[in-house]
Amino acid sequence: KKMKKIDISRWKDFEIKELFITEKKGEQVPTGYSIPKRYLKEGNTPRISATNINNGILGYYEDIDNKEYRTYENFISVSFLGTIFYHQYKASLDMKIHCLKLKKRKLNREIAFYLISVIRNTIKDIEYSDQVSSTVLPKIRIKLPVNDFGEPDWQYMEDFIKRLETRERERVQAIFQDI
């Protein structure tokens, strides 16, 4: 069965910096740093780069003691090229990879997937020459469902993704039953 069109007339625009942790007086989101390859030794911590494959994972390395080496956990990565992934696990970020971590709540898989689809749709037309920088990203506006208090309706987002997944699972099961 077809999903009905979503009524977004009462949804609200939010700047990224309203929802996600920022640095430097709210002017930029946390970002990774370029660590020369010679300092990176094979290990267990995924390093996120601008690639759009394998969840952005460049490789797995040991954590290093360097003030520029940064790790984050349970966040959405956004590269300067616009690749976006959810990382529930601890990961280090390469240069020009930005970390989006919610301010007032912990991300879960469903909310992250919902936010990723909204952010991806918002920045899809950004050209290479425009690049998604750590200072541009906080000002990007995304439209989200809101509760009666005008705050993001996290429960709606979570339930929406769960419904989508259930519907897809049922579709796949129906295909296999017809074989």
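Further up the page is the structure itself.
Anyway, here's the lowdown on the structure attached to this text. None of the values given here were measured: they were computed from a predicted structure.

What counts, and at which threshold
- Residues numbered from 1 in each chain as written.
- Predicted model: local features only at pLDDT ≥ 70, side-chain atom pairs only at ≥ 80, totals over all residues.
- Heavy atoms only, no water.
- Core = buried A, V, L, I, M, F, W, Y, C linked by side-chain atoms within 4.5 Å.
- Buried < 20%, exposed > 50% of the residue type's maximum accessible area, 1.4 Å probe, protein only.
- Helix = DSSP H or I, 4+ residues; strand = E, 2+ residues; numbered from the N terminus.
- Contact = heavy atoms within 4.5 Å.
- Expected span 1.5 Å × (residues − 1).
- Pairing = 2+ DSSP bridges.
- Axes fitted to C-alpha atoms, helices over the stretch in contact; angles between N-to-C directions.
- Patch = residues over 30% accessible without salt bridge, like charges linked within 9 Å, V, L, I, M, F, W, Y side chains within 5 Å.
- Areas by Shrake-Rupley, 256 points an atom, 1.4 Å probe, with all protein chains shown as cover.
- Salt bridge = Lys/Arg side-chain N within 4 Å of Asp/Glu carboxyl O.
- Phe/Tyr/Trp six-rings, centres within 6.5 Å; stacked < 30°, edge-to-face > 60°.
- Lys NZ or Arg CZ within 6 Å of the ring centre and 35° of its normal.

Some details on the nonpolar core
Phase 1: Counting residues in each nonpolar core, the largest one holds 30 residues, and the members touching the most others are I76, L100, L115 and L144.
Phase 2: With 8 residues, the single largest contributor to this core is helix α2 (residues 109-123).
Phase 3: Those residues in contact with I76 that sit more than four places away from it in its chain are I84, F85, Y86, H98, C99, L100, L107, A112, L115 and I116.
Phase 4: One finds Y72, F75, L93 and I97 within the second-largest nonpolar core, a separate group that totals 8 residues.

Quick word on helix α3 (residues 154-178)
Phase 1: An ideal rise of 1.5 Å per residue puts 36 Å on 25 residues; α3 measures up with 37 Å between its terminal C-alpha atoms.
Phase 2: Here α3 has its buried residues at W154, M157, E158, F160, I161 and R167.
Phase 3: For α3, the elements touching its buried residues are α1 (16-19), α2 and β7 (141-144).

Describing the sheet that holds strand β2 (residues 42-48)
Phase 1: Spatially, 5 strands are ordered β3-β2-β5-β4-β6 in an open sheet, and the strand pairing comes out mixed. Taken across any chain shown, the strands that pair with only one partner, and hence form the sheet edges, are β3 (57-61) and β6 (97-100). Taken pair by pair, the neighbouring strands of this sheet meet at an average axis angle of 45 degrees, ignoring direction.
Phase 2: Taken together, the 5 bridges between β2 and β3 define a ladder with antiparallel strand orientation. Residue pairing for β3: R47 is matched across the bridge by G59.
Phase 3: Docked against the sheet, α2 engages β4 (71-79), β5 (84-93) and β6, running at close to 115 degrees with respect to β5.

Quick word on a nonpolar patch on the surface
Phase 1: Together, V172, I175 and F176 line one region of the surface with nonpolar side chains, adding up to about 310 Å² of accessible area.
Phase 2: The class of F176 is exposed, set by a relative accessible area of 57%.

Here we look at the packing of aromatic side chains
Phase 1: Applying the stated criterion across every chain yields a total of 6 aromatic pairs.
Phase 2: Ring geometry for Y86 versus F113: centroids 6.4 Å apart, planes at 90 degrees, classification edge-to-face. Of the two residues, Y86 is situated in strand β5 and F113 in helix α2; the sequence distance between them amounts to 27 residues.
Phase 3: Look at Y114 and Y156: their rings are 6.5 Å apart centre to centre, the planes differ by 80 degrees, and that puts the pair in the edge-to-face class. Taken together, the residues span a long stretch of sequence, with Y114 in helix α2 and Y156 in helix α3 at a distance of 42 residues.
Phase 4: Look at Y114 and you get buried, because its relative accessible area is 5%.
Phase 5: Site record: aromatic cluster; members linked through ring pairs are W11, Y114, Y156 and F160.
Phase 6: The ring centre of F80 lies 5.0 Å from the NZ or CZ of K96, which sits over that ring.

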